[in-house]
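# Summary of the model geometry
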Amino acid sequence: MTGKPSPFPITEPLQKSPKGKKIAFVDCGTPVCALFAQIAEGGATAAGMEMTVVKAGFEPDKVQAAFDTILQDKYDGVIVAALPPPLWERQLK
């Protein structure tokens, strides 16, 4: 990416409100993931969304199970912080 960053704070309104949407935050089990979840929850609440923290850890079978649960529960969006993509690429498709 080149050039200057866009101005902050952003003042352009969203074209469609995310109010009422369900999002999942995948918690990798580290303090950093817990901190990211706390930060994301504030933003989700401010936007009128419901955020659920789904514990995954780093073990491949637990990550797969967490993402399978997210797919089954039909979330509108997912936040993945600090988990290597190869552990959840299958569910991304």
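Please read these numbers as outputs of a predicted model, since none were measured by experiment.

### Examining the overall build of the protein
Counting its secondary structure elements, the protein contains three helices and three strands. Each helix and strand of the protein, ordered N terminal to C terminal, gives the series β-α-β-α-β-α. The C-alpha extent of the protein, read off along each of the three principal axes, is 40 × 35 × 30 Å. Counting across all 93 residues of the protein, residues that qualify as buried make up 27%. For the protein, long-range pairs separated by at least 24 residues make up 70% of all intrachain contacts whose partners lie at least 6 apart in sequence. Within the structure as shown, the protein displays about 6900 Å² of accessible surface, and the carbon and sulfur contribution to it stands at 60%. Averaging the positions of the 10 positive and the 10 negative side-chain charges in the protein gives two centres separated by 6 Å.

### Quick word on the sheet that holds strand E3 (residues 77-80)
Taken in spatial order, the three strands line up as E2-E1-E3 in an open sheet, and their pairing is parallel. The strands lining the two open edges of the sheet, one partner per strand, are strand E2 (50-55) and E3. Across the sheet, the mean angle from the axis of one strand to that of its neighbour is 25°, orientation sign disregarded. Where helix H1 (residues 31-46) meets the sheet, its contacts fall on strand E1 (22-27), E2 and E3, and the angle it forms with E1 comes to roughly 165°.

### Some points on the state of the cysteines
Across all of its chains, the model carries one disulfide by this definition. In this model Cys28 forms its disulfide with Cys33; the gap between the sulfur atoms is 2.1 Å. An S-S torsion of about 105° defines the bridge between Cys28 and Cys33 as right-handed. Exposure class is identical for Cys28 and Cys33. Each is buried.

### Quick word on the pattern of salt bridges
Taken as a whole and judged by the stated rule, the model has two salt bridges. With its nearest N and O atoms 3.5 Å apart, the salt bridge here joins Asp27 to Lys55. On the criterion of sequence distance, the pair formed by Asp27 in strand E1 and Lys55 in strand E2 is long-range, its members being 28 residues apart. The buried category is assigned to Asp27, whose relative accessible area is 6%. The closest approach of N and O atoms between Lys62 and Glu59, which form a salt bridge, is 3.5 Å. You can call Lys62 partly exposed: its relative accessible area is 45%. Its relative accessible area of 42% is what places Glu59 among the partly exposed residues.

Scoring rules and cut-offs
Residues numbered from 1 in each chain as written. Predicted model: local features only at pLDDT ≥ 70, side-chain atom pairs only at ≥ 80, totals over all residues. Heavy atoms only, no water. Helix = DSSP H or I, 4+ residues; strand = E, 2+ residues; numbered from the N terminus. Buried < 20%, exposed > 50% of the residue type's maximum accessible area, 1.4 Å probe, protein only. Contact = heavy atoms within 4.5 Å. Areas by Shrake-Rupley, 256 points an atom, 1.4 Å probe, with all protein chains shown as cover. Lys, Arg positive; Asp, Glu negative; His and termini not counted. Charge placed at Lys NZ, Arg CZ, Asp CG, Glu CD. Pairing = 2+ DSSP bridges. Axes fitted to C-alpha atoms, helices over the stretch in contact; angles between N-to-C directions. Disulfide = S-S within 2.5 Å. Salt bridge = Lys/Arg side-chain N within 4 Å of Asp/Glu carboxyl O.

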